[in-house]
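Structural features, examined
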Amino acid sequence: MSIAEMFSGFLENLAIKDGDTISLRYGELTAAINKRFRDTESKTANTLQVGSFGRATGIEGISDLDILYIMPKAEWETYRDGKQLRLLQHVKDAILARYPSTKVRVDRLLVTVTYTDFHVEVQPVFEQDDGSFKYPDTRGQGAWKIKKPREEMKAITELNAEKNENLKRLCKMARAWKNKHGLGIGGLLIDTLAYNFLESTEEYDSKSFLYYDFLSRDFFQYLGDLPEQDYYAAPGSGQRVKVRKRFQRKAKKAHRLALDAIKAEGTKGVNEKWKRIYGRPFPSGTESVDEGVVKMAAASWTDSEQFIEDYYPVDIKFTLRIECEVKQNGFREHFLSEMLSRHIPLLANKRLRFWVEQNSVPQPYQIEWKVLNRGDGAQRRNCIRGQIISDRGNEEKMENTSFRGDHVVECYAIKDGFVVAKDRIHVPIET
């Protein structure tokens, strides 16, 4: 596959497949709220689709959809003075009146409607003369705050046109990267960083898929070189976009992987190298393999690896971090991270305890694990493993070091049917 074919196929795989279902849900909720506040059942009037779906930068597996419901101006006096929570409760009641079996709850800023395949965040707003919106914040004494999503969508659309449609594609590629590597940063921050990068260079003003290997390389180098800061100014609106998780270290790693993939162009393994950056949505290679080699491999070991993407959509929003304790004869010797940093070899016949050290996912959620053995030793023993296994409730996993290889342990947090946080540890066992 050529570079253009690989990245074109990659973007096709990232395209949202259930757009009709999403539009149907939007229409249902709009009609329900319109019935309450305007005595009409229009499925399109008085709403604005915002967020990554509204900016056209979302990808397949999107878990939350954002909708603004524009309130009648005559209702301002009803809710203006300390009645923010009442407004949210009335929106919730309007939805439940029409869909009583749907899970609906009031959050701090909005109303969340949870379906089996995604959830919709409905925010009632009052439109201002300048096109901005006042929205309710129920924290503390309550307040009305301002947001300007139209300016943000306009800025991204305009720069996307100036950059040969590369901006929105880059936003989607960046989402695949953050999902692959468990980076809990928000969608508007991703779009802001991609916007700032392409605005800073003319290199890709007329380029397309054929140059997306270099686009990837340069984008991750740009991210890795950015100084750490607490927020960025959103395109168009200039409003603050909070940085919930530092991204520079993982961007530098992605830059190194991109250099490695570019160096491997034209070889059999190039697709797999790009997959190390972007994950399963990136196309697999179609190179022919000697049939005898395939049969010999199939006869010697079973590829039992499972992939979390086959069981749940992945939309990383939170931070999950796992740690590993190395024991022998019941006593702790080291933390694995300490051993790797000090280049202490991890030998066989050790006891390993993996546990969730940090987790920002709000309850309730479920934890699942994956232990994958890699290398010649695992293949000779026909012990690849790699199955997805549910946690027993204590958020830890016990393992033994048995044979040489660069093994992998992954941990996933699932909430409302989506993988919303993940982490992995490489376990390099030596002999």
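Keep in mind the model is a prediction, meaning the values are calculated, not measured.

This part covers the pattern of salt bridges. Following the criterion strictly, the structure yields 27 salt bridges and no others. Notably, a salt bridge pairs Asp81 with Arg80, separated by 3.6 Å at the nearest N-O pair. Judged by its relative accessible area of 56%, Asp81 is exposed. When salt bridges with common partners are traced through the structure, they connect Glu325, Lys327, Arg353 and Glu396 into a single cluster.

For the structure on display, the rule yields 24 aromatic pairs. With 5.1 Å between their ring centres and 50 degrees between their planes, Phe10 and Phe282 make a pair best called tilted. Note that Phe10 is positioned in helix H1 (residues 3-14) and Phe282 in the loop between helix H11 (270-278) and helix H12 (291-300), a separation of 272 residues in sequence. For Phe10, a relative accessible area of 0% gives the class buried. Ring centres of Phe197 and Tyr204 lie 6.5 Å apart, and the angle between their planes is 40 degrees; on these two criteria the pair is classed as tilted. Phe197 gets classed as buried once you look at its relative accessible area, which sits at 5%. When the ring centre of Tyr135 is taken as origin, the NZ or CZ atom of Lys147, which lies over that ring, is 5.2 Å away.

The subject of this paragraph is helix H9 (residues 212-225). Residue pairs three or four apart in sequence face the same way in an α-helix, which turns once every 3.6 residues. The first and last C-alpha atoms of H9 sit 20 Å apart over 14 residues, in line with the 20 Å expected at 1.5 Å per residue. All buried positions along H9 are accounted for by Tyr212, Asp213, Leu215, Ser216, Asp218, Phe219, Phe220, Leu223 and Gly224. Looking at the buried side of H9, the elements it contacts are H1, helix H7 (166-180), helix H8 (187-199), helix H10 (248-263) and H11.

Here we take up a positive patch on the surface. Side chains of Lys245, Arg249, Lys252, Lys253, Arg256 and Arg276 sit close together on the surface and give a patch of like positive charge. The greatest single-element share of the positive patch, amounting to four residues, is contributed by H10. Along the chain, Lys252 falls in helix H10. Given a relative accessible area of 42%, Lys252 falls into the partly exposed group.

Before going further, it helps to examine the side chain of Ser216. Mapped onto the elements of the fold, Ser216 is located in helix H9. Setting aside its immediate chain neighbours within four residues, Ser216 contacts Phe7, Met173, Trp274 and Tyr278.

Take the nonpolar core next. Counting 51 residues, the largest nonpolar core has Phe7, Phe10, Trp177, Leu223, Trp274, Ile277 and Tyr278 as its most contacted members. Broken down by secondary-structure element, the contributors of at least two residues to this core are H1, helix H6 (149-162), H7, H8, H9, H10 and H11. Contacts of Tyr278, omitting those with residues within four sequence positions, involve Phe7, Phe10, Met173, Ala176, Trp177, Lys180, Ser216 and Phe220. Listed in part, the 49 residues of the second largest apolar core include Ile33, Phe53, Ile62 and Val120.

Moving on to unusual backbone geometry. Between Gln363 and the following residue, Pro364, the backbone shows a cis peptide bond with an omega angle of -5 degrees. On the secondary structure map, Pro364 appears in the loop between strand E13 (351-359) and strand E14 (366-372). Look at Glu165: it is not a glycine, yet its phi comes out positive at around 65 degrees. When you line up the elements, Glu165 lands in the loop between H6 and H7. The class for Glu165 is partly exposed, based on a relative accessible area of 46%. The phi dihedral of Asp416 falls on the positive side, at around 55 degrees, and the residue is not glycine. Position of Asp416 among the secondary structure elements: in the loop between strand E17 (405-415) and strand E18 (418-430).

Between two packed helices, both the angle of their axes relative to each other and the distance between the axes serve to describe the pair. At their nearest, the axes of H1 and H11 sit 12 Å apart, and the two run at 40 degrees to each other. One way to sum up the angle between H1 and H11 is to call them oblique. For the pair H1 and H11, the crossing hand works out as right-handed. Within the contact between the two elements, H1 uses Met6, Phe7 and Phe10 and H11 uses Val270, Asn271, Trp274 and Tyr278.

Moving on: the confidence of the model for the protein chain. Chain-level pLDDT for the protein chain is 89 on average; 93% of the residues reach the 70-or-more range. Here H12 is the element of the protein chain with the lowest mean pLDDT, 45, and H9 is the one with the highest, 98. The low-confidence segment residues 287-299, where pLDDT is below 50, has five contacts with residues more than four positions distant or belonging to other chains.

This part covers the environment of His90. As for its placement among the helices and strands, His90 is situated in helix H5 (residues 84-98). Between the alpha carbons of His90 and Gln387 there is a distance of 45 Å; along the sequence they are 297 residues apart. Beyond its immediate sequence surroundings of up to four residues, His90 is in contact with Arg36, Phe37 and Tyr79.

What follows concerns the environment of Gly54. By the element assignment, Gly54 lies in helix H3 (residues 51-55). We classify Gly54 as partly exposed; its relative accessible area is 26%.

The rules behind these values
Here, residues in each chain are numbered from 1, in the same order as that chain's written sequence. Totals for whole chains, interfaces and linings use all residues, but because this is a predicted model, local features are given only for residues with pLDDT of at least 70 and pairs of side-chain atoms are given and counted only at 80 or more. With hydrogens and water set aside, each side-chain value is computed from the structure's full complement of heavy atoms. Here, a salt bridge means any side-chain nitrogen of Lys or Arg that lies within 4 Å of a carboxyl oxygen of Asp or Glu. For the exposure calls, accessible area comes from a 1.4 Å probe over protein chains only, and a residue counts as buried if that area is under 20% of its type's maximum, exposed if over 50%, partly exposed in between. Each Phe, Tyr or Trp ring (for Trp, its six-membered ring) is paired with any other whose centre lies within 6.5 Å, and the angle between the two planes then decides the class: stacked below 30 degrees, edge-to-face above 60, tilted in between. For helices the rule is a DSSP run of H or I covering at least 4 residues; for strands it is a run of E covering at least 2, with both sets numbered from the N terminus onward. By definition, being over a ring means that NZ of Lys or CZ of Arg is both within 6 Å of the ring centre and within 35 degrees of the ring normal. Helix span, expected: 1.5 Å multiplied by one less than the number of residues in the helix. Here, two residues are considered to be in contact whenever any of their heavy atoms come within 4.5 Å of each other. Residues forming no salt bridge and having over 30% relative accessible area are the ones grouped into patches, like charges within 9 Å of each other and nonpolar side chains (Val, Leu, Ile, Met, Phe, Trp, Tyr) within 5 Å. Values of accessible area rely on a 1.4 Å probe in the Shrake-Rupley scheme; residue burial ignores everything except the protein chains shown. For the purpose of counting charges, residues Lys and Arg are taken to be positive, whereas Asp and Glu are taken to be negative. His and the chain ends are not included. For this purpose, a charge sits on NZ of Lys, CZ of Arg, CG of Asp or CD of Glu. Here the nonpolar core consists of buried residues drawn from Ala, Val, Leu, Ile, Met, Phe, Trp, Tyr and Cys, with membership extended through side-chain atoms lying within 4.5 Å. Structural elements are reduced to axes, namely lines fitted to C-alpha atoms, with helices fitted over the stretch in contact, and the angle between N-to-C directions of any two is expressed from 0 to 180 degrees. Should an angle lie under 35 degrees it is considered roughly parallel, over 145 roughly antiparallel, and from 65 to 115 roughly perpendicular; all remaining angles are considered oblique. Here a crossing is taken to be left-handed if its near helix is turned anticlockwise relative to the far helix by less than a right angle, and right-handed if that turn runs clockwise. For every residue, the pLDDT score states the predictor's confidence, bounded by 0 at the bottom and 100 at the top.

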